[in-house]
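So the chains spell out like this:
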Amino acid sequence: MSVHTVLNPATGAAIRDVPAASIAETDAAVARAVAAQRGWAALAPVDRADALRRFAAVVEAHAEELAQLEVLEAGHPVGSARWEAAHVAQVLQYYAGAPERLIGKQIPVAGGLDVTYLEPYGVVGIIVPWNFPMTIAAWGFAPALAAGNAVVLKPAELTPLTAMRLGDLALEAGLPEGLFEVVTGAGPVVGERFVSHPDVRKVVFTGSTRVGTEVAAGCARELKPVTLELGGKSANIVFADADLERAAAGVPGSVFDNAGQDCCARSRLLVERSVYDRFLELLEPAVAAWRVGDPNDEATEMGPLISAAQRERVSAYVDGADVAFRGSAPTGDGFWFPPTVVLAGREDRIAKEEVFGPVVAVLPFDDEADAIALANDTVYGLAGSIWTENLARGIRVSRGVRSGVLSVNSHSSVRYTTPFGGMKGSGLGRELGPDAAEHFTETKNVFYAT
Ligand code: NAD
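Rules used throughout
Residues numbered from 1 in each chain as written. Predicted model: local features only at pLDDT ≥ 70, side-chain atom pairs only at ≥ 80, totals over all residues. Heavy atoms only, no water. UniProt positions renumbered as here; feature names shortened; annotations may be inferred. Domains from an automatic or database assignment. Contact = heavy atoms within 4.5 Å. Salt bridge = Lys/Arg side-chain N within 4 Å of Asp/Glu carboxyl O. Polar contact = N/O pair within 3.5 Å; in protein donor to acceptor, adjacent residues only side chain to side chain. Nonpolar A, V, L, I, M, F, W, Y, C, P; charged D, E, K, R; others polar. Near = heavy atom within 4 Å. Areas by Shrake-Rupley, 256 points an atom, 1.4 Å probe, with all protein chains shown as cover. 1 Å grid on protein atoms, 1.4 Å probe; cavity = no way out; pocket = protein on both sides within 12 Å on 5 of 7 lines; lining within 4 Å. Sits in = over half its atoms within 2 Å of the grid points. Helix = DSSP H or I, 4+ residues; strand = E, 2+ residues; numbered from the N terminus.

The name an unreviewed UniProt entry assigns to the chain is Aldehyde dehydrogenase family protein, from the organism Microbacterium dauci. Word for word, the UniProt comment on the chain under Sequence similarities (unreviewed entry) is "Belongs to the aldehyde dehydrogenase family."

Set out below in structure tokens:
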């Protein structure tokens, strides 16, 4: 069997080897999932709900262990990793409420009874990236299982350890064997097989827009539905009438969180021209104070990039750019990169493309219409923030920006109780929120003649 070696990005040292499944091994996992799904879908909704609550409780009991694995393989600061592990349990708990609330309709018709049933697809394939390995996996598997599906989950090659552990914990919680199969391996082998396998009836893909486009084309060939959560180039729009101190204090967290390897990173900072210089003055000390270093230290706010390749990619964007100021980062082993603030022109690559590193491009704008046009001048449309003390302006601008998730006077993007997903090149479909379990069902309409 071939293997992938998982590295600790904070040191560059090898952690362990993990199996890289073949197509035949992937097919065997899908077959086990098919077998498990029948009994799972046939359970009384209350029993599926109870099983998911037990899974949530077991995850909660192992939250510290999961957090430590995330620190080790993804380099997340331990505080963030603890939040992520708790979030997985919360998402499971939330969707444990879904089996008893997936409600079909009875439609008035002549000559009989017409009923819609919400039926599970069968097996759902979930393909996740390395940046938030366990939370993104949970956004797919929790509602998919709640709706009566089995799941085959493919973690990213760089960060498979939390997903593998979640697979063990599902069994420990009493979920049937085969219901939640974690298949580690290469994207072009395991991921592509999820797309082409006739028994995988729906795919959820989170990752780059490039691979997501291929996955969507493959799903189209197989006529299977796909949810795509892709890249972003989200804007932080700061108007002159904003609480500038508050907005500036939040900027480092909005873009340097997870070393900028966050699809929702506010990697473009658009500032109204009249307060542009003042805002940069406020931002500089906030960036200097951003604590970069050992992920195991509870005070750390930012760890390393995920890999040497990612560091090269980020460096290539910054080389030759007009750097305004930078924070600090450790030198030596590990894939470190300092928080970096770049003054950009509207046509610069760094102002339009996803860097996926701790780099923010700052651009001035002239008025509200210009801010909206500039925010929309990208192929992406995932997230963004609007800073203004004028409520009417906040409403107008939030309606004008083509992004799936926006916040006014806040940097927040994700709450498991609200829908999440992108417009334009950032994706297709929505995860999380009250409707997500229904997205893992197909509607069947039956007419009973009387
Ligand atoms: P990636 O597209 O390279 O890989 C994502 C996953 O797809 C991995 O598991 C990979 O093994 C798999 N894969 C690769 N080739 C495949 C193929 N041909 N068929 C099927 N699967 C394949 O992305 P990445 O580098 O792991 O993650 C970074 C990207 O993810 C960024 O663009 C980021 O914005 C995006 N992202 C989006 C969201 C969101 O919710 N919108 C969240 C996190 C990350």
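A. Just the domain arrangement of the chain, in detail. Under the domain assignment, the chain is made up of domain 1 (2-230 + 425-449) and domain 2 (235-415). Put simply, the middle of domain 1 and the middle of domain 2, counted by C-alpha atoms, are 30 Å apart. Counting residues at the interface gives 28 residues for domain 1, matched by 29 residues for domain 2. Our count for the domain 1 to domain 2 interface comes out at 1 salt bridge. Glu298 is the salt-bridge partner of Arg82, the closest N and O atoms lying 3.1 Å from each other. Counting across the interface, domain 1 meets domain 2 through 9 residue pairs in polar contact (both at pLDDT 80 or more). When grouped by side-chain class, the residues that make up the side of domain 1 that touches domain 2 number 13 nonpolar, 12 polar and 3 charged.

B. Quick look at the site of the ligand. Surveying the vicinity of the ligand reveals 29 residues, the closest of which are Val128, Glu157, Ser208, Leu230 and Glu354. Residue Lys154 places a side-chain N or O atom 2.9 Å away from an oxygen atom belonging to the ligand. Note that a nitrogen atom of the ligand is positioned 3.3 Å from one of the side-chain N or O atoms of Glu192. For the ligand, whose unbound accessible area comes to 840 Å², protein coverage reaches 90%. According to the grid-proximity analysis, the pocket containing the ligand is the largest pocket. Listed by contribution, the elements that provide at least two residues to the shell around the ligand are α7 (187-196), β8 (200-206) and α8 (209-222). No other element matches the 4 residues that α7 contributes to the shell around the ligand. Of the residues belonging to the shell around the ligand, the class tally is 16 nonpolar, 7 polar and 6 charged. Taken domain by domain, the makeup of the shell around the ligand includes at least three residues from each of domain 1 (2-230 + 425-449) and domain 2 (235-415).

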